[in-house]
Amino acid sequence: MFRSGSFFETQATLDAIGTAVALFSDETGPTWHLVSGNRMFADGFGLDLTRVIDQPLSVIFPRYMANELEAACCQSRDETRALELEQAFDRAGRTYWWRIIATPILLEDGSVRRVLLTMLDITAKKSLQLELDASRKRYEALVDAAYDGVISVDMNQRIRMMNASARQMFQVDEAIVGEHLDRPHEHRLAIDIDRIGKLHI
């Protein structure tokens with residue numbers, strides 16, 4: 001069905017899928033045009049499907065997103081494999097994040113003229129991740145500015161962070177991050193574990 005079906009022939013099947021999906025084709029020209037999509041796709045991107053069927057990506061999405069999706073469709077077609085990307089989409093003054101999986105639709109001769117885009121809304125997860133990253137950066141900035149030497153290690157005794165004072169104390173640079181506390185003296189790092197407190201993260 002997805003190999004050659006029209007919008008009306010594929011819509012019911014696509015609507016049965018529990019996430020946003022859209023079918024694109026390069027059969028009619030060098031750019032990718034929308035063949036079909038489900039209601040979740042239309043709702044998620046604020047589209048009227050009857051107006052965007054047969055329209056190119058550049059008409060359906062903002063340029064920054066259309067370019068990414070165009071490249072993803074081309075790569076999926078050329079390499080005949082599924083690939084994944086994360087994409088921001090600005091709508092009504094808010095940024096939404098989508099995880100998009102581009103899957104090639106193989107014809108009987110092995111060629112690809114259509115690509116199915118499966119789109120998962122990851123806005124909540126992405127927002128939490130960005131908040132955690134911001135908190136971590138603020139914490140690291142405070143620690144790095146401390147006068148005392150601070151070394152953070154994980155449960156495997158590998159250095160996760162060493163602030164500027166500690167790097168100066170042991171005469172090492174930031175490349176020490178990720179190394180084990182028992183690293184030989186080639187880095188001039190001689191740490192007395194009993195003398196230096198450790199923060200396990």
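Heads up: the structure comes first, above all this text.
Residues numbered from 1 in each chain as written. Predicted model: local features only at pLDDT ≥ 70, side-chain atom pairs only at ≥ 80, totals over all residues. Heavy atoms only, no water.

1. Digging into unusual backbone geometry
- Phi at Asp54 takes a positive value of approximately 70 degrees, unusual for a residue other than glycine.
- If you trace the backbone, Asp54 turns up in the loop between helix H3 (49–52) and helix H4 (57–60).
- In this model, Gln157 sits at a positive phi of 65 degrees, which is unusual for a non-glycine residue.
- On the secondary structure map, Gln157 appears in the loop between strand S6 (151–153) and strand S7 (159–162). (Helix = DSSP H or I, 4+ residues; strand = E, 2+ residues; numbered from the N terminus.)

2. Notes on the sheet that holds strand S2 (residues 33–37)
- Pairing is antiparallel across the open sheet formed by five strands, whose spatial order is S2-S1-S5-S4-S3. The strands lining the two open edges of the sheet, one partner per strand, are S2 and strand S3 (83–91). Here the strands of the sheet are splayed against their neighbours by 30 degrees on average, with no regard to which way each runs.
- Pairing analysis gives four bridges linking strand S1 (residues 20–25) to S2, with the strands arranged antiparallel. Pairing of Ala22 across the sheet is with Gly37, part of S2.
- Against the sheet, helix H1 (residues 7–15) engages S1, S2 and strand S5 (112–121), with an angle of about 50 degrees to S2.
- Along the sheet face, helix H6 (residues 123–144) touches S3, strand S4 (94–106) and S5 and points at about 125 degrees away from the line of S4. (Pairing = 2+ DSSP bridges. Axes fitted to C-alpha atoms, helices over the stretch in contact; angles between N-to-C directions. Contact = heavy atoms within 4.5 Å.)

3. Some thoughts on the pairing of S4
- The pairing of S3 with S4 spans nine bridges and is antiparallel. When the sheet's bridge partners are listed, Arg91 is paired in S4 with Arg94.
- Hairpin connection of S3 to S4: two residues between the antiparallel strands, including Ala92 at a positive phi of 55 degrees.
- In textbook terms, the turn of a hairpin is the stretch between consecutive antiparallel strands, and for S4 and S5 this stretch comprises five residues, one of which, Gly110, has a positive phi near 90 degrees.

4. Section: the side chain of Thr123
- Inspection of the secondary structure assignment puts Thr123 in helix H6.
- When its relative accessible area of 6% is taken as the criterion, Thr123 is described as buried.
- Polar side-chain contacts of Thr123 include one of 2.6 Å to the side chain of Asp121.
- Ignoring anything within four residues of it in the chain, the contact list for Thr123 reads Arg94, Thr95, Tyr96 and Trp97. (Buried < 20%, exposed > 50% of the residue type's maximum accessible area, 1.4 Å probe, protein only. Polar contact = N/O pair within 3.5 Å; in protein donor to acceptor, adjacent residues only side chain to side chain.)

5. Some words on the layout of surface pockets
- Volume-wise, the largest pocket comes out at about 270 Å³.
- Lining the largest pocket are 14 residues, and of these Glu140, Arg160, Met161, Met162 and Val177 lie nearest its centre.
- For the lining of the largest pocket, the secondary-structure elements that each account for two or more residues are H6 and S7.
- Broken down by element, the lining of the largest pocket gets its largest block of residues, five residues, from H6. (1 Å grid on protein atoms, 1.4 Å probe; cavity = no way out; pocket = protein on both sides within 12 Å on 5 of 7 lines; lining within 4 Å. Points joined across faces, edges and corners; volume = space filled by probe spheres on them.)

6. Quick notes on the packing of aromatic side chains
- Within this structure, the stated rule accounts for six aromatic pairs.
- Pairing Phe45 with Phe61 gives two aromatic rings, centres 5.3 Å apart and planes at 85 degrees, and the pair type is edge-to-face. Of this pair, Phe45 sits in helix H2 (residues 39–45) while Phe61 sits in the loop between H4 and helix H5 (63–79); the two residues are 16 residues apart in sequence, bridging distant segments of the chain. Across the pair, Phe61 and Phe45 agree in class, each one buried.
- With a centroid separation of 4.7 Å and an interplanar angle of 25 degrees, the aromatic rings of Phe45 and Trp98 are classed as stacked. Here Phe45, found in helix H2, pairs with Trp98, found in strand S4; they are 53 residues apart in sequence, far enough to count as distant. (Phe/Tyr/Trp six-rings, centres within 6.5 Å; stacked < 30°, edge-to-face > 60°.)

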